[in-house]
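What follows is each chain in one-letter form.
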Amino acid sequence: MGYINSGIEQGATVHLGGKRHGTEGYWIEPTIFTDTRPDMQIVQEEIFGPVCTVIKFEDEDDVLRQANDTLYGLAAAVFTNDITRGIQIAHKLHAGTAWVNCVNSLHPNVPFGGYKQSGIGRELGEYALNKWVFFFLMVIAGV
């Protein structure tokens, strides 16, 4: 609720949701903010919840600048009718994973992890398997 209150206080509009869901636990309604600016906390920080911020942009350069102007970079998604352009844009995003026309589609052979302050290292894939094999060998060796 702190993020939702921050968005409202900084001038964003709650287009949908924005309230607690139920009386127990930490559940909120799926929430969509509009009228946002790049400097708002709800835009700059990773909110791990059903919260979406809708941000206006002028052109492709502007959207890439806004998307990459953050301390975080876990994942991004591009939705488009032009798959070639979508892939080109995805390659320009500073995110550990950039999906085109889907989200959360992971494959165990492909490493997953973020850039900047969105995680340390990678999960999944041969990279992560090698890390764990090394760890277990160190444990067995008593190091």
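These figures come from a predicted structure and were not determined experimentally.

Engineer: I'm lost on helix α3 (residues 60-68) in this one. Help?
Structural biologist: An α-helical segment advances 3.6 residues per turn. Residues three or four places apart therefore align on the same side. For α3, every residue scored as buried is listed here: D62, L64, Q66 and N68. The N-cap residue of α3 is D59: its side-chain oxygen and the backbone nitrogen of D61 are 3.3 Å apart.

Engineer: So what exactly am I meant to see when it comes to the pairing of strand β5 (residues 75-78) here?
Structural biologist: Looking down a regular strand, the side chains alternate between one sheet face and the other. Side chains of β5 alternate between two faces, with A76 and V78 buried and A75 and A77 left unburied. Bridge analysis of β5 against strand β6 (residues 97-100) gives 4 bridges, and the strand direction is parallel. What sits directly across from A75, in β6, is T97. The β-α-β motif built from β5, the intervening helix α4 (residues 83-92) and the parallel element β6 has right-handed crossover chirality.

Engineer: Sorry if this is basic, but what is going on with the pattern of salt bridges here?
Structural biologist: Side-chain pairing between opposite charges can occur once the charged atoms of the two side chains come close. Taken as a whole, this structure holds 4 salt bridges when the rule is applied. For the salt bridge of E60 with R85, the shortest nitrogen-to-oxygen distance reads 2.9 Å. On the criterion of sequence distance, the pair formed by E60 in helix α3 and R85 in helix α4 is long-range, its members being 25 residues apart. Judged by relative accessible area, which is 21%, E60 ranks as partly exposed.

Engineer: Is there a simple way to think about the sheet that holds strand β3 (residues 51-53) in this case?
Structural biologist: If you walk across this open sheet you meet the 3 strands as β1-β2-β3, and the pairing is mixed. The outermost strands of the open sheet, each flanked by one partner alone, are β1 (13-16) and β3. If you compare each strand with its neighbour and ignore which way they point, the axes differ by 30° on average. Inspection of the sheet shows strand β2 (residues 31-34) paired to β3 by 3 bridges, in the parallel sense. In the strand pairing of β3, T31 is matched with V51. Packed on one face of the sheet, helix α1 (residues 2-9) meets β1 and β2 and runs near 20° to β2.

Reading guide: rules and limits
- Residues numbered from 1 in each chain as written.
- Predicted model: local features only at pLDDT ≥ 70, side-chain atom pairs only at ≥ 80, totals over all residues.
- Heavy atoms only, no water.
- Buried < 20%, exposed > 50% of the residue type's maximum accessible area, 1.4 Å probe, protein only.
- Helix = DSSP H or I, 4+ residues; strand = E, 2+ residues; numbered from the N terminus.
- Polar contact = N/O pair within 3.5 Å; in protein donor to acceptor, adjacent residues only side chain to side chain.
- Pairing = 2+ DSSP bridges.
- Right-handed = clockwise from strand over helix to strand, strands pointing away.
- Salt bridge = Lys/Arg side-chain N within 4 Å of Asp/Glu carboxyl O.
- Axes fitted to C-alpha atoms, helices over the stretch in contact; angles between N-to-C directions.
- Contact = heavy atoms within 4.5 Å.

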